[in-house]
Amino acid sequence: MAIATKIPTKIPRTLVARYLSSASTLADQLPEAPSQPPAPTLDLSDTRQLFASVPTATLLRSLANLSTLAAGPIVDLGAAALRAAAAAPEGRLLPAAVLGVARATVHRHFCAGEGFEEAGRAVEAMWAEQGLRSILDYGMEDAEDSAACDRNLDGFLRTVEMASSLPPISASVCVKITALCPISLLERASDLLRWKQKDPTFQLPWSTHSFPILCDSSPLYLTPSVPDPLTETQELDLRLAQQRLSKICHRCAEAGIPLVIDAEYASLQPAVDYFTYSAAIQFNHGDQPMVYGTIQAYLRDSRERMVNAVEAAEREGIPLGIKLVRGAYLTRETNLALSLGVPSPIHGSIQETHQCFDNCAAFLLERVRRGSGAILLATHNVRSGQAAAAKAEELGIGKEDQKLQFAQLLGMADGLSLGLKNAGFQVSKYVPFGPVEQVIPYLLRRAEENRGLLSTSTVDRQLIRKELMRRLATVVVGRT
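Now for a quick tour of the structure. (Residues numbered from 1 in each chain as written. Predicted model: local features only at pLDDT ≥ 70, side-chain atom pairs only at ≥ 80, totals over all residues. Heavy atoms only, no water.)

**Let's talk about the nonpolar core**
Thinking step 1. With 116 residues, the main nonpolar core has Leu245 and Ile248 as its most contacted residues.
Thinking step 2. Here isoleucine 248 is in contact with Leu153, Phe156, Leu157, Val160, Val175, Leu180 and Leu259, once residues within four sequence places are set aside.
Thinking step 3. Core analysis: the next-biggest nonpolar cluster, separate from the first, contains 27 residues, Ala102, Met412, Ile440 and Leu443 among them. (Core = buried A, V, L, I, M, F, W, Y, C linked by side-chain atoms within 4.5 Å. Buried < 20%, exposed > 50% of the residue type's maximum accessible area, 1.4 Å probe, protein only. Contact = heavy atoms within 4.5 Å.)

Here's what the structure looks like:
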């Protein structure tokens, strides 16, 4: 992709003005740079350098999409239309039209295409033009039965095969356990694991060795009474799900491709962690972990669970990879807690979540310095990115160290991604792909995250506006 530094004359100035009209300085959003000390480890103020590899047309399209998604009523209407389209019978004209609009807008912005070849080309382009890696996500989520799980397995194996054909270290693969094991079975297994935490004498004949999954601060109230044991058929289905994950792990190990296992909502997470830690024990050997689990810092019990798992892995000499995120199921968790009349498992304020994320990041960075495990810091928060970058530098962790990586979602926090990459860190974009109707749950979560005044895209929109204003001034005024 060619690098564009000027606004093409064919772009109407009215369009440019529309998205630049609300431009404001970054002073209220970004930390003030000190006047005397050395330059910060991560500095996003020079947008000319930050977006040097991004064409103007791409910046305009991103700004248009993110600005639209920040308009609450539009997002609400679009989300309702997507849900209706997903539930409608195939062949209906209106749902087809809704999916067509989604394909040209949110899908194009947040996804790398609908097929494997299209996604592969997007990954290669991002690596060649910007030096950004990709975490490939074949966008399948919830499976209802074993047949659906087997179909999803084939898709994940094709994703590993595609990743292995791309430039070395340019891609890793992400899977969701909900696509490999029926949701109802994950719920049953999670109930049993919660009860085991309440009553250590409780027997789980299907359970194999794992790191600690739950802790005293976990939402054990989600299982209020003794659950029935799994039936023979359910135990068989659970083993089949583990075999599916093991098959993916084997392929990744053969190809030297890291595997990231996504987190889910709290009612399912114990079973997801059980799968993750069992795979880590089996496949994480040597110095660099291959299997990464995910910790969601917006959960009240996240730090305690993370520390318990990391320390258990250290005692057994197993390198544990952790992807640290804030969390993506806020509405679902809140609504479930309200419906059950129980406390929410989520922190009481966004400030508490920020503090938990930063504390967890500092803990994991200390472990990386000691040579224990690896961390994938997935954040869109500029302050957290700056704090982690500064902490890594303070601890003497080399920017080329593969045990420390940053990540952001495709189509979000591009300024942070490029800033971290320009500073020398290893950076990946989380890259989902698949047909529009297949990735609707993912698109709905992105729409929710970008909605309204507290949108996670606020800083990115400001950075893009600032750079577009600079480029416009260069064209119109001749100023550099």
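Picking up where we left off.
**Things to note about the side chain of arginine 367**
Thinking step 1. Along the chain, arginine 367 turns up in helix α14 (residues 350–369).
Thinking step 2. A relative accessible area of 12% means that arginine 367 is categorised as buried.
Thinking step 3. A polar atom in the side chain of arginine 367 sits 2.9 Å from the side chain of glutamate 314.
Thinking step 4. Setting aside residues no more than four positions away along its own chain, arginine 367 makes contact with Val310, Glu311, Glu314 and Ser372. (Helix = DSSP H or I, 4+ residues; strand = E, 2+ residues; numbered from the N terminus. Polar contact = N/O pair within 3.5 Å; in protein donor to acceptor, adjacent residues only side chain to side chain.)

**Regarding helix α7 (residues 116–130)**
Thinking step 1. Between its first and last C-alpha atoms α7 spans 21 Å; for 15 residues at 1.5 Å apiece the expected length is 21 Å, and the two agree.
Thinking step 2. Every buried residue belonging to α7 is among Phe116, Ala119, Gly120, Val123 and Met126, and all of these are buried. For α7, the angular spread of buried residues about the axis comes to 130°, placing them on one side. Turned more than 90 degrees off the buried face of α7, the exposed positions are Glu117, Arg121 and Ala128.
Thinking step 3. In this structure, the buried side of α7 is in contact with β1 (133–138), α8 (146–165), β2 (171–175) and β8 (427–433). (Expected span 1.5 Å × (residues − 1). Arc of directions from axis to C-beta.)

**A look at empty space enclosed by the protein**
Thinking step 1. By the definition in use, this model includes five cavities of 30 Å³ or more.
Thinking step 2. For the largest cavity, the calculated volume is near 90 Å³.
Thinking step 3. Lining the largest cavity, in full, are Arg194, Ile213, Leu214, Ser218, Pro219, Ala266, Gln269, Pro270, Asp273, Leu299, Asp301 and Arg305.
Thinking step 4. Among the elements that line the lining of the largest cavity, the one with the most residues is helix α11 (residues 269–283), at three residues.
Thinking step 5. One number sums up the size of the second largest cavity: a volume of about 70 Å³.
Thinking step 6. For the second largest cavity, the full set of lining residues is Val310, Ala313, Glu314, Ile318, Leu320, Ile322, Leu364, Arg367, Val368, Ser372, Gly373 and Ala374.
Thinking step 7. Listing elements by their share of the lining of the second largest cavity, those giving two or more residues are α12 (302–316) and α14.
Thinking step 8. Taken together, the residues of the lining of the second largest cavity sort by class into eight nonpolar, two polar and two charged. (1 Å grid on protein atoms, 1.4 Å probe; cavity = no way out; pocket = protein on both sides within 12 Å on 5 of 7 lines; lining within 4 Å. Points joined across faces, edges and corners; volume = space filled by probe spheres on them. Nonpolar A, V, L, I, M, F, W, Y, C, P; charged D, E, K, R; others polar.)

**Regarding the packing of aromatic side chains**
Thinking step 1. Within the structure shown, the criterion is met by 10 aromatic pairs.
Thinking step 2. Ring plane angle 90° and centroid distance 5.5 Å describe the contact between tryptophan 206 and tyrosine 274, whose orientation is recorded as edge-to-face. Placement of tryptophan 206 in the loop between α9 (183–198) and α10 (232–255) and of tyrosine 274 in helix α11 is noted, with a sequence separation of 68 residues between them. The two residues tryptophan 206 and tyrosine 274 agree in class, both being buried.
Thinking step 3. The ring of phenylalanine 357 has arginine 326 lying over it, and the distance from NZ or CZ to the ring centre is 4.3 Å. (Phe/Tyr/Trp six-rings, centres within 6.5 Å; stacked < 30°, edge-to-face > 60°. Lys NZ or Arg CZ within 6 Å of the ring centre and 35° of its normal.)

**Side note on the pattern of salt bridges**
Thinking step 1. Counting across every chain of the model gives 19 salt bridges.
Thinking step 2. Put simply, arginine 470 and glutamate 467 hold a salt bridge, and the shortest N to O gap is 2.9 Å. Residue arginine 470 and its partner glutamate 467 are both found in helix α18 (residues 458–476); the two are separated by three residues, about one turn of the helix.
Thinking step 3. Among the residues examined, glutamate 467 registers a relative accessible area of 0% and is labelled buried.
Thinking step 4. In the salt-bridge network here, residues are joined through shared partners; they are Lys176, Asp262, Glu264 and Lys323. (Salt bridge = Lys/Arg side-chain N within 4 Å of Asp/Glu carboxyl O.)

**Focus: the environment of isoleucine 169**
Thinking step 1. Here isoleucine 169 is to be found in the loop between α8 and β2.
Thinking step 2. In the structure, isoleucine 169 is positioned 42 residues away from tryptophan 127 in sequence and 9.7 Å away in space, judged by C-alpha atoms.
Thinking step 3. Setting aside chain neighbours within four positions, we find isoleucine 169 in contact with Trp127 and Arg133.

**Here's the deal with the sheet that holds strand β7 (residues 404–409)**
Thinking step 1. On the basis of which strands lie adjacent, the closed barrel formed by eight strands has the order β1-β2-β3-β4-β5-β6-β7-β8 and parallel pairing. Strand-to-strand twist across the sheet, computed as the mean angle between neighbouring axes with direction ignored, equals 30°.
Thinking step 2. Relative to strand β5 (residues 321–325), strand β4 (residues 291–296) runs parallel, the two sharing five bridges. Across the sheet, the residue bridging to threonine 294 is lysine 323, located in β5. (Pairing = 2+ DSSP bridges. Axes fitted to C-alpha atoms, helices over the stretch in contact; angles between N-to-C directions.)

Everything listed is a geometric property; what it means functionally is a separate question.
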